[in-house]
Structure formats: C-alpha cells, structure tokens
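A look at the structure
Now for the letters of each chain:
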Amino acid sequence: MNQKGTYDVIVIGAGFAGLYSVHLLREHGFTVRALDRADGVGGTWYWNRYPGARCDVQSIEYSFSFNKEIQEEWEWTELMPAQPEIEAYLNFVADRLDLRRDIQLSTTVTSLSFDDAGSEWTVDTDGGDQFKARWVIAATGCLSEPLDPAIPGVDSFSGPTLYTSRFPREGFDFTGLKVGVIGTGSSAVQSIPIIAEQAEHLNVFQRSAAYSRPADNRPLRPGELEEVKADYESLRLRQRAAYAGLVSFGAVSFEGVTPPTRRILETPVEERLAALEELGWSAPGAWADVMFDLEANQAGTELYAELVRRQIRDPEVAEALIPHYPMGCKRQILDTGYFETFNRDNVTLVDLRSDPLVGITSGSVRTQNREFDIDVLVLATGFDAMTGALNKMEITGPGGRTLKDVWEEQGPVSYLGLAVAGFPNLFTITGPGSPSVLTNMVVSIEQHVEWIVDCLDHMRDSGYQRIDAEPGAQEAWVDHAAGLVAGTVRNSDACNSWYLGANVPGKRRIHMPYVGGLPAYRKKCDQVAADSYEGFALA
Ligand code: NAP
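Quick notes on the rules
- Residues numbered from 1 in each chain as written.
- Predicted model: local features only at pLDDT ≥ 70, side-chain atom pairs only at ≥ 80, totals over all residues.
- Heavy atoms only, no water.
- Buried < 20%, exposed > 50% of the residue type's maximum accessible area, 1.4 Å probe, protein only.
- Helix = DSSP H or I, 4+ residues; strand = E, 2+ residues; numbered from the N terminus.
- Pairing = 2+ DSSP bridges.
- Contact = heavy atoms within 4.5 Å.
- 1 Å grid on protein atoms, 1.4 Å probe; cavity = no way out; pocket = protein on both sides within 12 Å on 5 of 7 lines; lining within 4 Å.
- Points joined across faces, edges and corners; volume = space filled by probe spheres on them.
- Nonpolar A, V, L, I, M, F, W, Y, C, P; charged D, E, K, R; others polar.
- Core = buried A, V, L, I, M, F, W, Y, C linked by side-chain atoms within 4.5 Å.
- Domains from an automatic or database assignment.
- Axes fitted to C-alpha atoms, helices over the stretch in contact; angles between N-to-C directions.
- Near = heavy atom within 4 Å.
- Polar contact = N/O pair within 3.5 Å; in protein donor to acceptor, adjacent residues only side chain to side chain.
- Areas by Shrake-Rupley, 256 points an atom, 1.4 Å probe, with all protein chains shown as cover.
- Expected span 1.5 Å × (residues − 1).
- Disulfide = S-S within 2.5 Å.

With that settled, the discussion passes to the pairing of strand β14 (residues 347-351). Consecutive side chains of a regular strand alternate in pointing toward one face of the sheet and then the other. Counting buried residues in β14 gives four out of five residues, a clear majority hidden from the surface. Relative to β14, strand β9 (residues 201-206) runs parallel, the two sharing five bridges. Note that in β14 the partner of Gln206 across the bridge is Asp351.

Pasting the structure below:
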C-alpha cells in the first residue's frame, strides 16, 4: 500500500462533475485529488464511444456555464454534439483550467472507510494507493456501471464481444461481418443505423421496443453559435428556470409552449389522428392526461404506433417495433434513421417477446425457434443506474455498515440525492433522489457542485468537521419524492424502467430520479443551506 497523502477532498470521477468539482474546490482554497478509472478525462463521454454516440441535448445547452472564457472560446459544430466532440470539449476544459495536475487517471477506487475518531475518509485504490480526506465527493455518474446481462453462454462467444458502454477506443469496423446487437435502448438505437450501413448482415435482438423519434440533428448554421454567445447569459437563466434545466429537447424548443390542456380520452378518434398531421412525432404526448392515466396513455401509444407504421414497409416488423409498455415510462429516445434501418435488406429484427432469447453459443445467438450465425456480438444492455457505481466501491460508514447494505435493505434512499444518512462527509453528485437524469445533466451537476462547495466553505468557516444527513430528514425527502411520482405512469406496475431499478434483478423498486423539477429542487437545496443546513447534523 502506498500512502499518497491527505487532501481536504477526494473527488471520484473526472467527467463533467469531477472536473467542475476539482476546479471549484481549488478556487475555494481546498486541496483536492480526483481519481478516475479511465486513462482519460470525460466520464460517460470517455466510455460510451460506440458508433453514433451523441447527446440528445443541444450543444449550446449541454455545456458548462460557470466559465465565460470557455463558453466563448469553444466552438460547437452541431446542434446535438457527438461523443468525440464532447470528449474533446472536456479535454479542452481540463487543459484550459489546468485541472490535470490534480487528477490521477487509471485509478479505480475500491473502498472508502470512515474513521470515526478522526472524522476522515480512507480511500483505497486498485493500484494499492491510499489517500485520506476529510470529505469525499462521488462524481461517479448515473450511468457508469455497465450491466453484464445474464445471458446463458455469453462468455462462450468466440468472436469479439463489444459493449456499447466500453467500446474500443480505436473503434470497430463491421464491414463484411454478421453482427448481432442485443438491446434496443438509447445506445442501441443510436448505433444500429451505423452498424447496419457497414455490416454484411445485422440481427437486432429486441426485448422491448423503443419509444424513439427523429432527432433532426444538423450542423450549426453560420452565425448561429455567435448569436447565442452574444447573449449566453439569457439562455443560461432560462435553462435554470426550466423544469428540466433545458429549453429544448433535441431540435424541439419548449419555449413559448404551454402545457397541453386537451385530454386524449375526451377527444374523438378522428381528431386524435388529425393531430398526427399537425404535430407529427409530438402528437402522442401532446395531451394533458397521457402521463397520468394508463388508458389515456394507451390512446397516446396508438398514435405513436401509427407513426411507426408509416415508417416501416413490412407490417409484421412495424407491429414488432411498437412498444407494449406505457409511453413516458422509459427515457424518450432521439434517433437518426432508426426506423428506416428496418427497411434494409441486410437487417433482421428479432422480436424476443414472440421468440425468446435462449442463449449464445461460440458463433451464434439462439432463440427458442431460430439460430442466428454471427461474427460479432454488440451488447447494448444498459447500466446498473444511479447506485451501481457507488455500490461497486465498498463504502463503510462509522458504524461499520456499508452503503450497499443500507441500500439493499431500504432501497436507494438519500437526503436530496446529495448525501446518505450514516455516511458523513460523503457527497453524491446527482445521486438518487435528485432530478439528475430527468434533467440536463450539466445544469444539475453545476447546481450540486456549487451547493457542496458552499457547504464545505460553511463548515470550514464555522469550524465543523463533520456533516451527516439526519435519518428523519432523509425519510421525509424520500417520502416527498415518492409522493410526487405516485399515481403517474412512470411508477405504474406496467412500467419496468431503469429509473425504477427494474432492469437489475433484486434491486429495490424505487423511482430514483426526483420528478419535482429542477427549479423547485434548487429552491429546496437553497432553503436547506440558508436554514443552517436543515436536515443535516453538523459537528
Ligand atoms: P437501456 O436503456 O437500459 O437499454 C438496454 C437495452 O438492453 C434494453 O432494450 C433492454 O431491454 C435490453 N436488454 C438488457 N438485458 C437484456 C437481455 N438479457 N436480453 C435482451 N435484451 C436485454 O441502456 P442504454 O441504451 O445504454 O441507455 C441507458 C441510458 O443512457 C438511456 O436511457 C439514457 O438516459 C442514456 N443514454 C443517453 C444517450 C443520449 O443522450 N442520446 C445515449 C445513450 C444512452 P428491456 O428494455 O426489455 O430491459
């Protein structure tokens, strides 16, 4: 074990959250070391380099607002940035702010244990390095722990097995190969059209059809970025005031759009269908009742089904591409040429609902009724979201209990998504119970980092060494968050999303992201701080 010194703060992760944490902590005079298992900065945008990986939030919004120079200097090229551009941006930020000297890469944190007497964390890593720190900030990301699917025989496949979430850095050429993609979530939907263009044949193994719509991405027009830069502050203010920390999703602007008042169940069918002509892909969700009533939701899904049918030549394939679960339960996906891909002669959709997956052999994927020869396997099977990366580290609080034990027993509880009772001086950025993945992550990350650094300032100025969420405050927050999502489609029995942890066998079913919106959440965090960190015990 190599003793690597004592810092005020250890930050785990060097993605958006880790980079900003290092910067702001340094600005406030704290000593800090960031550790990341990757050999480059970027977090999510380091790992998820599969073909077609792209953000569905506009580049001008999916970027840091805290530094005017960076905002001014960086030149986005597309409406929605692709992975290489975001990774390059984060490297630019790291260089521009000289962050690398306080970041240790290729270092996986294996355990954190809290010393009760000294009120400090001991941080151990896979390389045998040990650090001590008063505070730890887990900037470990919401979707960073890939889920290894328990598919029989997956390890026996003799060709390359590529995870979208750990795609080879040098890329992969699918030309002339028979490819099998398992999964049809966001990562698969983005990569499938590109793989299809290269592969000799592509088999897409679909368990649940995706709710997707065209992203309508495009290069930024000459002068467009300059126009935003001329009054960036106005955009930033509007973002912060918006429910999800953004004023547009994909190419669709929310500004000036009033929430729908018309109820689908009170609208004659021919008028519902007429909405398709008027609103296109926005029509299925443009009703006041679809997110709150399963029957209304089903009517919205009928409209979506009609849009899918219009894209697909083979009626059987079209029916298989229509989701069987409520709209809005899982993440809305934005795609580029996804549905058109299923009209190609070299693409087969394998509907695992009618023909379940049996297993994988050394050269094929087997379903109950068929066997598909493949040369390459692509697993786009998702993540143990929000808690996975934290559970992977053994985090032991002062009483000897691990965070994993607490979450296994109580579900992913947290006070404000910022801290868990019993784990003092440990902050989680965009943790369960915060708006996180339902928002523009960059806006949520900035809010969390700034709140945490303010809190550390307060502790230092007041001579406090320890902060811990109070169990009662945590329980009240968990109840409040659960109350908001209760009765909505998101939480219905028909919904099995990763938001609910439903994709991980044995995970407690709790809707992890906070649905109350970023402005209300920010107000609550600010009020907690103003009231001397109400709900936290300071010592
Ligand atoms: P995901 O949404 O969890 O999708 C995983 C897919 O794999 C699902 O279709 C799932 O089917 C399937 N699957 C898992 N295990 C399987 C098995 N054993 N057999 C057959 N199918 C299996 O994961 P993801 O696509 O990586 O996306 C995760 C999240 O990352 C997204 O929701 C989004 O928040 C984020 N993301 C964002 C972007 C973007 O900004 N554009 C891009 C990529 C990812 P079931 O649905 O039936 O479980």
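From this point, things continue past the structure.
Quick look at the environment of Phe174 now. Relative to the helices and strands, Phe174 is located in the loop between β7 (161-163) and β8 (178-182). In sequence terms Phe174 and Ile195 are 21 residues apart; their C-alpha atoms lie 6.5 Å from each other. If near-sequence neighbours (up to four positions away) are discounted, Phe174 is found in contact with Pro51, Leu162, Phe167, Val179, Ile195, Gln198, Ala199, Glu200, Val376 and Val378.

A few words now on the layout of surface pockets. The computed volume of the second largest pocket comes to approximately 290 Å³. Forming the walls of the second largest pocket are 19 residues, and the residues nearest its centre are Gln58, Ile60, Val228, Leu235 and Val247. Among the elements of the structure, α6 (224-230), α7 (232-241) and β12 (252-253) are those that each provide at least two residues to the lining of the second largest pocket. Residue composition of the lining of the second largest pocket, grouped by class: eight nonpolar, four polar and seven charged.

Another point: the nonpolar core. Phe16, Trp451 and Phe536 are the most contacted members of the largest nonpolar core, which has 85 residues in total. No other element matches the eleven residues that helix α14 (residues 441-462) contributes to this core. In this structure Phe536 touches Tyr415, Leu416, Ala419, Trp451, Ile467, Asp468, Ala469, Glu470 and Val528, once residues within four positions along its chain are discounted. Ala53, Val179, Ile264 and Val347 belong to the second-largest nonpolar core, a separate cluster that totals 51 residues.

The next thing to look at is the domain arrangement of the protein chain. Taken domain by domain, the protein chain consists of domain 1 (2-145 + 384-467 + 511-530) and domain 2 (250-329). On a C-alpha basis, the centroid separation for the pair domain 1 and domain 2 is 37 Å.

Another point: the sheet that holds strand β15 (residues 357-360). Hydrogen bonds between backbone atoms are what pair the strands of a sheet, whose relative direction is either parallel or antiparallel. Pairing in this open sheet of three strands is antiparallel, and the strands run β15-β16-β17 from one edge to the other. Strands with a single pairing partner mark the edges of an open sheet, and in this sheet they are β15 and β17 (371-373). Sheet twist, expressed as the average angle between the axes of neighbouring strands with direction ignored, equals 20°. The pairing of β15 with strand β16 (residues 364-367) spans three bridges and is antiparallel. Counterpart to Leu357 in the pairing with β16 is Thr367.

Our focus in this paragraph is unusual backbone geometry. Residues other than glycine seldom take positive phi values, yet Met386 does so here, at roughly 70°. By secondary structure assignment, the location of Met386 is in the loop between β18 (376-379) and α12 (388-392). Given a relative accessible area of 3%, Met386 falls into the buried group.

Pairing is parallel in the open sheet, where five strands are placed in the order β7-β18-β8-β9-β14. Of all strands in the sheet, those bounded by a partner on one side alone are β7 and β14. Sheet twist, expressed as the mean angle between neighbouring strand axes with direction ignored, is 20°. Pairing of β8 with β18, which is carried by four bridges, proceeds in the parallel orientation. Across the sheet, the residue bridging to Gly180 is Leu377, located in β18.

Moving on: the site of the ligand. Near the ligand there are 25 residues, and of these Arg54, Ser187, Arg207, Ser208 and Lys330 occur at the shortest range. Between the ligand and the protein, one listed contact pairs a nitrogen atom with a side-chain N or O atom of Gln190 at 3.0 Å. Between an oxygen atom of the ligand and a side-chain N or O atom of Lys330, the distance comes to 2.7 Å. Starting from 920 Å² of accessible surface for the ligand in isolation, the protein chains cover 86%. Counting residues per element, the shell around the ligand draws most heavily on helix α5 (residues 186-198), which supplies three residues.

Attention now goes to helix α9 (residues 294-311). Relative to the 26 Å expected for 18 residues at 1.5 Å per residue, α9 spans 26 Å between its end C-alpha atoms, a close match to the ideal helical length. What α9 keeps buried is the set Ala296, Asn297, Ala299, Gly300, Thr301, Leu303, Tyr304, Ala305, Leu307 and Val308. Close packing links the buried residues of α9 with β10 (212-214), α8 (269-279), α10 (315-320) and α11 (338-341). You can read the cap of α9 off the contacts: a side-chain oxygen lies 2.8 Å from the backbone nitrogen of Glu295, and it is on Asp293.

With that out of the way, let us pick up the state of the cysteines. In total, this model carries one disulfide according to the counting rule given. Each sulfur of the disulfide joining Cys329 and Cys495 lies 2.1 Å from the other. The chirality of the disulfide connecting Cys329 with Cys495 is right-handed, given an S-S dihedral of about 90°. Of this pair, Cys329 sits in the loop between α10 and β13 (333-335) while Cys495 is found in the loop between α15 (471-485) and α16 (518-530), placing the two residues 166 residues apart along the sequence. Cys55 takes part in no disulfide bond, and the closest cysteine sulfur to it belongs to Cys142, at a distance of 14 Å. Cys525 provides the cysteine sulfur closest to Cys455, a residue in no disulfide bond, and the two sulfurs are 11 Å apart. With a relative accessible area of 0%, Cys455 lands in the buried category.

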